[in-house]
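# Results of the structural survey
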Amino acid sequence: MPPAPLPLPAIHASHVGIWIADAGGRVQRVGRGEAIAAVAATPHLFINATLTGDRLGYPELSGLDLLELFAFLYPARFAVPTPAGIAAAVGIAAPKAEEEIAAFLPLAAAAMLTSLGDPDWPEREGSWHALQALARQRWPWTPLVQPALAAPDKADRWLFARLPEWEEVPPRAQPRQVRIAEGDVAARLDRLTGDGAERRPGQQDYARATAAIFEPRDRKDAPQMLVAEAGTGIGKTLGYLAPAKQWIDQSAGAVCISTFTKALQRQLARETEKLYPDAATHREKVVVRKGRENYLCLLNLEDALQGGFSGRAAILAQLVARWAAYTRDGDMIGGDLPGWLPALFRRNGTTALTDRRGECIYAGCPHFRKCFIERSARAATQADIVIANHALTMVQAARPRDAGAAATRLIFDEGHHLWDAADSMFAAALTGQEAVEIRRWVLGPEGKSRGRRRGLAARLADVASYDEAGDRAIQAAIAAAAELPGDGWLGRLGENAPWGAIEQLLAEVRGQVYARAVDTRTADSGYGLETELADPDASLVTAAAGASDALEALLRPLMTLGKRLDALIEDPPDWLDGQARARVDGARHSLGTRIDTLGGWLSLLGRVGGPADPDFVDWLAVDRFDGREYDCGLHRHWLDPARPVAEAVYRPAQGVLVTSATLRSGSHAGGNEGWSEADIRTGARHMDGPVHHFAVPSPFDYARQSEVLIVTDIARGDLPALAGAYSRLIEASGGGALGLFSAIRRLRIVHARIADRLARAGLPLYAQHVDPLDTGTLVDIFRADPHASLLGTDALRDGVDVPGDSLRLVVMEGVPWPRPTILHAARRAAQGGSAYDDMVIRGRIAQAFGRLIRRSDDFGQFVMLSPSFPSRLLGAFPEGTPIRRLPLDEVVNHVAAANVERRKSAFAAFSPS
């Protein structure tokens, strides 16, 4: 029997309207002014303060947020942050209509509070002490939670005492050289797919092909390499996991699987449970690795709990501390911390709880032995399978730090993203913000800065006291770093009053950009301004020379310090115990990263007034958002970023698989034809040894399951018509639509025009860059509600996996032309002109279309709002897909007819025979 609802008022606000339930449960619809007056006078129950405040037009909304209560009671548990999602998580009936939600909230709160009296409540430990801390912060839920939460019989362990410590383990041995049998791979795949499962010949062929990367390589720097395209629905994950597990068992080796999206990382973590069904074994054998900036820093958390945060941020810190005691791995970005939790506090305080600035003091930290980052790194050295992202995999290859034998076999899933990942990884940017970070890393906190940041002198105090040459190097670096830009640098540039050599350089860069950038008055402020680094004026050349001298003055002592630290490790003194050695080793790694950065900057400055390097594209830029400048400087990217991938990542490996569903950008050729584009994007063309290719088409019947509709009468730039088209199409489909945009401004305009209208039709609309929710949470809400629709930009074109009825319509506002940047223009000229553009566009369209059909029983329609869609780009769609060019009215009729058929099928499926 459900508990009685709490006798508290509640409010629900949406695009349809606003409803308030009084303490007795009576519900009435109210206007915005009346609602704001009510919540300002009396704390109300609601779900998601930030979203509700936006809908009310009252950002100062405060009260009793059910999501905060959920985060306290059930840390590290998943819930979709909607009334239906909370109902499912708590196990009560969900409201059936908008007007029922306000009355539902007191019932949901009461149901959640019953956990406090449940003797089997798994998250009880630490709750009483956490509540006392929250009470001191005047958490609104305290009066309701405190009476029902008994004090523990004995004191709870402090959070930092409860976390397990990692232990040092011996390095993993090199794998044995073995050859895996084709029959063993096939048998293992059969076991993984399950007894009685339908055999998929394409998956079997794919598994046999991928087994080749586990063969011993014939010569150094020539790995066994396969570039493989596996159409959606093949089951490529199990297709490569089967030979990987067979090789692991026979060789005792390790495999690194690299992805681009966090969604695929989560999917891989689930799929590998089939390899290791026992949960404890799975935790030991499979490790998900991400960059340091993803994990909770325990020292930052301790500082926040002890007064570093105040107000609402202090409440967030306490809720994160509750989560830290129950999390699997401490991953705050895409892990088991609810993605919606930071957004409840407007200012994203979680960024201050991670190591985003390379400020880690390693073994100098009192929580070093419990550190989530260190635990993950050490677990990865012993794991059979490491699931990482492309950026981290490249970092580890370019600058290895972890002890032990690295994975000799690399699998790059989502291989079509390798180019973009490498483009970011191997780029250089001498900008104001980047220079400020180097200054802070050397000097530590300045002025009124708070926090635990430590400069070089504090981090290496024991080294300085022992080594006179090392101390001199530290002091020289501190003196040189003082010449780098500090706080207020951007304001000084705006006033034309730069201070120091680097700021003078940035001032000259800014002046040249504004002088030479094309159409500065009409340029899209979201993209900033840029100009080529060509024929620089004399003042810029002079400023670059001065900046080079300043950077050299910093680089020299850092390199000297690096040598002194190397000497300490090679010939350790008596005082260098295990913790001090770890601290020195961490400093060496951090130091090496900064030395590389400074070296890249000096190389870039050498280009100013000097000859161009044909391997790179260099330019000057002023970065702006919504018309506001936030950075400026010089940029350098590889003309072909896949080249350093081949050199630094592929060549050292024994075997490499690069795979995706869309590697060939719409080429339907079989055999070894049509691979030139894939070899360009993956870097395979830079390998000296043989590169094998394999393709298997999707098993889906696209002629029956899908339809491409190209709208012929929506003029480009007609925003009212664009908004009207989206609204009519979403209404015709009954929701379940994913709308993709190439510009945030157009997305916001369309959302503002149609959200209320759709809501009145019972079709909720969510949007990136509008709703105060992270992308993962938006996708969770979209997946959970078949009537909801979602608008977004590039992140949704690739990172959405929503099988079934919740995604049945994809609408693109137009052809996703590449932005005409200096970098793109250079690559276009080097890679075949318009053919390069077409390759990029076909890849984007293929990825967007790939969101649509995820299962054999899916049906979906893809609508392109582009009357001049080029026929040459139709190869982006799978072979056999029906393609029609029609006016909007007829397209709407097609979508509506498909929706009618869908509802008939659903009715027939659930009707009694």
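Placed above this text is the structure.
Residues numbered from 1 in each chain as written. Predicted model: local features only at pLDDT ≥ 70, side-chain atom pairs only at ≥ 80, totals over all residues. Heavy atoms only, no water.

### A few points about the packing of helix 19 (residues 432-443) against helix 22 (residues 468-481)
Put simply, the test is: Only the contacting stretch of a helix is used when fitting its axis, a line to C-alpha atoms as for every element, and angles between N-to-C directions run 0 to 180 degrees. Here a helix means four or more residues in a row that DSSP labels H or I, a strand means two or more in a row labelled E, and each is numbered from the N terminus. When the near helix sits turned anticlockwise from the far one by under a right angle, the crossing is termed left-handed; a clockwise turn instead gives a right-handed crossing. What makes two residues a contact is simply this: any of their non-hydrogen atoms within 4.5 Å. Ten residues, namely Ala, Val, Leu, Ile, Met, Phe, Trp, Tyr, Cys and Pro, are considered nonpolar, four, namely Asp, Glu, Lys and Arg, are considered charged, and the remaining ones, Gly among them, are considered polar.
Interaxial distance between helix 19 and helix 22 falls to 9 Å at its minimum, and their mutual angle equals 145 degrees. Helix 22 is crossed by helix 19, and the crossing has left-handed handedness. On the side of helix 19, the interface is formed by Arg439, Val442 and Leu443, while helix 22 contributes Ala477, Ile478 and Ala481. Here the contact of helix 19 with helix 22 is composed, by residue class, of five nonpolar, no polar and one charged.

### Quick notes on the pairing of strand 15 (residues 655-660)
We count it as follows: To sort residues, take the accessible area from a 1.4 Å probe on protein chains only and compare it with the maximum for the residue type: under 20% means buried, over 50% means exposed, and anything in between is partly exposed. Pairing between strands requires that DSSP locate at least two bridges from one strand to the other.
The element strand 15 is extensively covered by neighbouring structure, given that six of its six residues are classed as buried. Across the two faces of strand 15 the burial is the same, with Gly655, Leu657 and Thr659 and Val656, Val658 and Ser660 all buried. Here six bridges tie strand 6 (residues 224-230) to strand 15, and the two strands are oriented parallel to one another. Opposite Gln224, over in strand 15, you have Gly655 as the bridge partner. Note that strand 10 (residues 409-412) and strand 15 share four bridges and pair parallel. Note that in strand 15 the partner of Phe412 across the bridge is Val658.

### Overview of the packing of aromatic side chains
The following threshold applies: Only rings of Phe, Tyr and Trp enter the pairing, Trp through its six-membered ring, and a pair is recorded when the two centres are within 6.5 Å. The plane angle decides the type: under 30 degrees is stacked, over 60 is edge-to-face, the rest tilted. Only when the NZ atom of a Lys or the CZ atom of an Arg is both within 6 Å of the ring centre and within 35 degrees of the ring normal do we say a charge sits over the ring.
Using the criterion set out here, one finds 16 aromatic pairs in the structure. Both rings, one in Tyr726 and one in Phe741, keep their centres 4.9 Å apart while their planes meet at 15 degrees; by these two values the pair is stacked. Of the two residues, Tyr726 sits in helix 30 (residues 719-733) while Phe741 sits in the loop between strand 18 (737-740) and helix 31 (744-760), which places them 15 residues apart along the sequence. Residue classification places Tyr726 among the buried residues on the basis of a relative accessible area of 0%. Residue Phe741 is classed as buried on the basis of its relative accessible area, which comes to 4%. One aromatic cluster in this structure is built from Phe700, Tyr702, Phe849, Phe862, Phe869 and Phe877. Across the ring face of Trp166, the terminal group of Arg369 is positioned such that the distance to the ring centre comes to 4.8 Å.

### So, the sheet that holds strand 23 (residues 883-886)
Taking strand neighbours across the sheet as the criterion, the seven strands line up as 19-20-18-21-22-17-23 in an open arrangement whose pairing is parallel. Unpaired on one side and paired on the other, strand 19 (765-767) and strand 23 mark the two borders of the sheet. Averaged over neighbouring strand pairs, the angle between their axes works out to 20 degrees when direction is ignored. Inspection of the sheet shows strand 17 (residues 706-711) paired to strand 22 (residues 860-864) by five bridges, in the parallel sense. When the sheet's bridge partners are listed, Val708 is paired in strand 22 with Phe862.

### Here's the deal with unusual backbone geometry
Residues other than glycine seldom take positive phi values, yet Ala76 does so here, at roughly 70 degrees. The topology assignment puts Ala76 in the loop between helix 3 (66-73) and helix 4 (83-90). The partly exposed category is assigned to Ala76, whose relative accessible area is 21%. Phi angles above zero are rare outside glycine, and Glu414 is one such case at about 50 degrees. Structurally, Glu414 is set in the loop between strand 10 and helix 18 (418-425). Judged by its relative accessible area of 11%, Glu414 falls in the buried class.

### A closer look at helix 12 (residues 262-271)
The condition that has to hold: Comment: arc refers to directions from the helix axis out to C-beta atoms.
Of all the positions in helix 12, only Leu264, Gln265, Leu268, Ala269 and Glu271 are classed as buried. Along helix 12, the residues classed as buried sweep out an arc of 165 degrees about the axis, all on the same side. Against helix 11 (236-251), strand 7 (255-259), helix 13 (279-285), strand 8 (286-288) and strand 9 (385-389) lie the buried residues of helix 12.

### Here we look at the side chain of Gln265
Relative to the helices and strands, Gln265 is located in helix 12. Taking the relative accessible area as the measure of exposure, Gln265 reaches 3% and is therefore buried. For Gln265, the contacting residues outside a window of four places in its chain are Thr259, Val288, Arg289, Lys290, Ile387, Ala388 and Asn389.

### Concerning the nonpolar core
Stated precisely, the cut-off is as follows: We call a set of buried Ala, Val, Leu, Ile, Met, Phe, Trp, Tyr and Cys residues a nonpolar core when their side-chain atoms join them within 4.5 Å.
One finds Phe72, Trp141, Val145, Leu296 and Phe862 to be the most contacted residues of the largest nonpolar core, which totals 96 residues. Here this core takes nine residues from helix 15 (residues 312-324), the largest share from any one element. Of all hydrophobic cores here, the second largest spans 56 residues; its members include Ala481, Leu505, Leu506 and Leu529.

### Some points on the sheet that holds strand 13 (residues 616-625)
Pairing in this open sheet of four strands is antiparallel, and the strands run 11-14-13-12 from one edge to the other. Each end of this open sheet is capped by a strand with a single partner; those strands are strand 11 (428-431) and strand 12 (529-532). The average angle at which neighbouring strand axes cross in this sheet is 25 degrees, direction not considered. Strand direction decides the pairing type here: strand 11 and strand 14 (residues 628-638), joined by four bridges, are antiparallel. Bridged to Thr431 within strand 14 is Gly633.

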